[in-house]
Amino acid sequence: VLLNDVQFTEAARVLAERMMQEGGDHLDARLSFAFRLTTSRKITGKELTILKAEFNDRYREFKADDDMTGSYLTGGQHQANTTLESAELAAYAALAAMILNLDESISKS
């Protein structure tokens, strides 16, 4: 349910928007911001490296496929922020979904 439910993907998209608008002006800061919000702790260097590589992979995929990007950014009641670059927002949303799905994010223990 957590990976595919409309409410979950919508929450990931909203978190991605916050990452882009409140998390700083570069990838490291934005990923660290989201990780801290969801897990209540600072991200480690190893975790950041993994998430950065995943972001870059997702960004390339979304940049190459507008239809996939559009599909990923729809669903739920909250409309995606159209002032943000779509492929970048979708990539951040994919990473937000990963972070939100960590056991640590779900149980906070």
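The rules behind these values
Residues numbered from 1 in each chain as written. Predicted model: local features only at pLDDT ≥ 70, side-chain atom pairs only at ≥ 80, totals over all residues. Heavy atoms only, no water. Helix = DSSP H or I, 4+ residues; strand = E, 2+ residues; numbered from the N terminus. Expected span 1.5 Å × (residues − 1). Buried < 20%, exposed > 50% of the residue type's maximum accessible area, 1.4 Å probe, protein only. Arc of directions from axis to C-beta. Contact = heavy atoms within 4.5 Å. Axes fitted to C-alpha atoms, helices over the stretch in contact; angles between N-to-C directions. Left-handed = near helix turned anticlockwise from the far one by under 90°. Nonpolar A, V, L, I, M, F, W, Y, C, P; charged D, E, K, R; others polar.

Novice: Account for helix α3 (residues 45-64), naming residues and giving values.
Specialist: In an α-helix, one turn spans 3.6 residues; hence positions three or four apart end up facing the same way. Counted at 1.5 Å a residue, the expected span for α3 with its 20 residues is 28 Å, and the 29 Å between its end C-alpha atoms agrees. Those residues of α3 not exposed but buried are Leu-48, Leu-51, Phe-55, Arg-58 and Phe-62. Around the axis of α3, the buried residues are gathered within 95° of arc, so they sit on the same side. Exposed residues pointing more than 90 degrees away from the buried face of α3 are listed as Gly-45, Lys-46, Thr-49, Arg-60 and Ala-64. Looking at the buried residues of α3, the elements they touch are α2 (27-39), α4 (66-72) and α5 (86-100).

Novice: Please give an account of the environment of Met-19 that cites residues and values.
Specialist: One can find Met-19 in helix α1 (residues 6-22). Taking relative accessible area as the criterion, Met-19 reaches 0% and is therefore assigned buried. Beyond its immediate chain neighbours, meaning those up to four positions away, Met-19 contacts Gly-24, Arg-30, Leu-31, Phe-33, Ala-34, Tyr-92 and Ala-96.

Novice: So, the packing of α1 against α5: which residues are in play, and what are the values?
Specialist: If you want to describe how two helices pack, look at the angle between their axes and the distance between the axes. Running from amino to carboxyl end, α1 crosses α5 at an angle of 115°, the nearest separation of the two axes being 7 Å. By crossing handedness, the relation of α1 to α5 is classed as right-handed. For the pair α1 and α5, contact is made by Phe-8, Ala-11, Ala-12, Arg-13, Leu-15, Ala-16, Glu-17, Met-19 and Met-20 and by Glu-88, Leu-89, Tyr-92, Ala-93, Ala-96, Ala-97 and Leu-100, respectively. Partitioned by chemical class, the residues of the contact of α1 with α5 number 13 nonpolar, no polar and three charged.

Novice: Go over the environment of Ala-90, please, and point to the residues and values.
Specialist: With respect to the helices and strands, Ala-90 occurs in helix α5. Separated by 73 residues in sequence, Ala-90 and Glu-17 place their C-alpha atoms 9.5 Å apart. If sequence neighbours within four positions are ignored, Ala-90 has contacts with Phe-62, Thr-69, Tyr-72 and Leu-73.

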